[in-house]
Amino acid sequence: MREPIIGLPTYNPFNGEPDFVMRQSYCRAIFAAGGIPLLLPLIEEEGPLRRLYDLVDGLLLAGGGDVAAEFYGAADSGKLTLIDRPRDRVEIALTRWALAEGLPVLGICRGIQTLNVAAGGTLVQDIPSEVPEALKHRAGPPKYAGDYIAHTVTVASGSLLADVLAVVAGPEGLSTGVNSRHHQAVRDVAPGFVVTARADDGVIEGIEAEPGSHPFALGVQWHPENMVPQHPPMVRLFSRFVAACQG
Ligand code: MN
């Protein structure tokens, strides 16, 4: 079988340079799992964007800055950073096609948020100011290594995520350690989606399409691309996603 092509919408870099960029870690994780990453420029015109969409066997929504609040019907609380509206528009359009047509989608960090917003959900705009007694969810470079385990998540038994990660149940249920570098999270989960993982402070760390409604539409709030190859559950996450893209 031929390797599936996974489309990764790029973004405008935070330094303002006129480039479309993507971190290598996502591309390498996809490639290591048997897929071929294809970077997608932010072409907003519907016809050409659709041509790009038609090239890919799956969609990976990567990490990055905050989704602008108007895309989920909220006012900007003043805590949003690194907004990139062209990226928001392109990713939301691609994701809605993927959800409607059964194309596999994996959302990572900002990507779980984009997935939720595209499907009609809302976001916590800033965890420290909105979630009482929140854990430390911002533990990334340069102070912490990319694979630093910041907290655990409890995974809903019977979910696709639990099956994919294949974590072993302990006294606290299905749980696994994850890295964490986000200040936003899913607030109201989108219609047609269920919560599949939470941190101990209640912050949502995983969502997926309701069972049987889509072949693979799943988001995680952590960064599995920085946990491969050393964490087998995260290797399985990419393998299963690529396998779903294979059809
Ligand atoms: Mn977290």
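These remarks concern the structure in this document. (Residues numbered from 1 in each chain as written. Predicted model: local features only at pLDDT ≥ 70, side-chain atom pairs only at ≥ 80, totals over all residues. Heavy atoms only, no water.)

1. Some words on the nonpolar core
Soluble, globular proteins show a tendency: their nonpolar side chains are buried together. Residues Leu-60, Leu-106 and Trp-222 are the most contacted members of the largest nonpolar core, which totals 34 residues. Within the residue set of this core, elements represented by two or more residues are β1 (5–9), α1 (24–32), β4 (105–108), β7 (151–155), α6 (160–165), β9 (173–178), β14 (217–220) and α7 (232–246). Tallying contributions element by element places α7 first for this core, with six residues. Non-local contacts of Leu-106, meaning those with residues more than four positions away in its chain, are made with Leu-59, Leu-60, Leu-61, Phe-216, Leu-218, Leu-237, Phe-238 and Phe-241. Counting residues in each nonpolar core, the second largest holds 24 residues, with Leu-40, Ala-98, Leu-115 and Ile-204 among its members. (Core = buried A, V, L, I, M, F, W, Y, C linked by side-chain atoms within 4.5 Å. Buried < 20%, exposed > 50% of the residue type's maximum accessible area, 1.4 Å probe, protein only. Helix = DSSP H or I, 4+ residues; strand = E, 2+ residues; numbered from the N terminus. Contact = heavy atoms within 4.5 Å.)

2. Things to note about the side chain of Ser-159
As for its placement among the helices and strands, Ser-159 is situated in the loop between β7 and α6. Setting aside chain neighbours within four positions, we find Ser-159 in contact with Thr-196 and Glu-208.

3. So, the packing of aromatic side chains
The final tally for this structure, using the stated rule, is four aromatic pairs. Ring centres 5.5 Å apart and planes at 65 degrees place the aromatic pair Tyr-53 and Trp-97 in the edge-to-face group. Of this pair, Tyr-53 sits in helix α2 (residues 46–53) while Trp-97 sits in helix α3 (residues 85–101), placing them 44 residues apart in sequence. An identical accessibility class is assigned to Tyr-53 and Trp-97; each is buried. (Phe/Tyr/Trp six-rings, centres within 6.5 Å; stacked < 30°, edge-to-face > 60°.)

4. Considerations on α2
All buried positions along α2 are accounted for by Leu-49, Leu-52 and Tyr-53. Angularly, the buried residues of α2 cover 100 degrees about the axis, an arc narrow enough to put them on a single face. On the buried face of α2, the contacting elements are β2 (36–40) and α3. (Arc of directions from axis to C-beta.)

5. Re the layout of surface pockets
Reported here for the largest pocket is a volume of approximately 480 Å³. Listed by contribution, the elements that provide at least two residues to the lining of the largest pocket are α1 and α4 (110–118). Classifying every residue of the lining of the largest pocket by side-chain character gives six nonpolar, 12 polar and five charged. (1 Å grid on protein atoms, 1.4 Å probe; cavity = no way out; pocket = protein on both sides within 12 Å on 5 of 7 lines; lining within 4 Å. Points joined across faces, edges and corners; volume = space filled by probe spheres on them. Nonpolar A, V, L, I, M, F, W, Y, C, P; charged D, E, K, R; others polar.)

6. Description of the environment of Val-178
Structurally, Val-178 can be placed in strand β9. Given a relative accessible area of 0%, Val-178 falls into the buried group. Taking C-alpha positions, Val-178 is 9.6 Å from Ala-199, a pair spaced 21 residues apart along the chain. Here Val-178 is in contact with Tyr-148, Ile-149, Ala-150, His-151, Val-153, Glu-205, Trp-222, Met-227 and Met-234, once residues within four sequence places are set aside.

7. With respect to the packing of α3 against α4
One can describe the packing of α3 onto α4 by two numbers: an axis separation of 9 Å at closest approach and a directional angle of 65 degrees. The orientation of α3 with respect to α4, classified from their angle, is roughly perpendicular. Viewed along their axes, α3 and α4 form a crossing whose handedness is right-handed. Contact residues: Arg-87, Asp-88, Glu-91, Ile-92, Thr-95, Arg-96 and Leu-99 in α3; Arg-110, Thr-114, Leu-115, Val-117 and Ala-118 in α4. Considering only residue class, the contact of α3 with α4 consists of five nonpolar, two polar and five charged. (Axes fitted to C-alpha atoms, helices over the stretch in contact; angles between N-to-C directions. Parallel < 35°, antiparallel > 145°, perpendicular 65-115°, else oblique. Left-handed = near helix turned anticlockwise from the far one by under 90°.)

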